Amino acid sequence: MLRQIIKPTSEFYSVHIPKEYLNQEVEILVLPFSYLDKYAKDKIKIAQKSLTGTLSKYANPLGEWLLKN
């Protein structure tokens, strides 16, 4: 399998097909590639850290809520 992310500078792009793919059906996709910038990644990490342990405040692993009933 080949995968390459490029930034084209024109509407035309030549694709080199490896010899082992000749005489076979192949799929060539052209999709926009987007990625999160560093700021967005850092913001997600902060949000994940702030949510860590949120449920543990309410859930007692010993099932204390069962004993109250």
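The structure under discussion appears in the preceding block.
For clarity, every value in this text was computed on a predicted model and none was experimentally measured.

Colleague: I would appreciate a short explanation of the overall build of the protein in the present structure.
Modeller: A count of helices and strands for the protein gives 2 helices and 0 strands. When each of the 69 residues of the protein is scored for burial, the buried share is 3%. When the accessible surface of the protein is totalled, it reaches about 7,900 Å², and 60% of it is carbon and sulfur.

Colleague: Could you clarify how one ought to interpret unusual backbone geometry in this entry?
Modeller: Excluding glycine, a negative phi dihedral is what most residues carry, and trans is how most peptide bonds are arranged. You will see that asparagine 23, though not glycine, has its phi angle at about 65°, which is positive. For asparagine 23, the location among the structural elements is in the segment before α1 (38-51). What makes asparagine 23 exposed here is its relative accessible area of 85%.

Colleague: Can you walk me through the layout of surface pockets in this structure?
Modeller: One water molecule sets the probe size; rolling that probe over the atoms shows where empty space is left. Space inside the largest pocket adds up to approximately 1,200 Å³. The residue makeup of the lining of the largest pocket, split by class, is 18 nonpolar, 4 polar and 3 charged.

Colleague: Help me understand the environment of methionine 1 in this model?
Modeller: Its place among the elements puts methionine 1 in the segment before α1. When its relative accessible area of 85% is taken as the criterion, methionine 1 is described as exposed. In this structure the C-alpha to C-alpha distance between methionine 1 and tyrosine 21, which are 20 residues apart in sequence, comes to 9.6 Å.

Each value, and the rule that gives it
- Residues numbered from 1 in each chain as written.
- Predicted model: local features only at pLDDT ≥ 70, side-chain atom pairs only at ≥ 80, totals over all residues.
- Heavy atoms only, no water.
- Helix = DSSP H or I, 4+ residues; strand = E, 2+ residues; numbered from the N terminus.
- Buried < 20%, exposed > 50% of the residue type's maximum accessible area, 1.4 Å probe, protein only.
- Areas by Shrake-Rupley, 256 points an atom, 1.4 Å probe, with all protein chains shown as cover.
- 1 Å grid on protein atoms, 1.4 Å probe; cavity = no way out; pocket = protein on both sides within 12 Å on 5 of 7 lines; lining within 4 Å.
- Points joined across faces, edges and corners; volume = space filled by probe spheres on them.
- Nonpolar A, V, L, I, M, F, W, Y, C, P; charged D, E, K, R; others polar.

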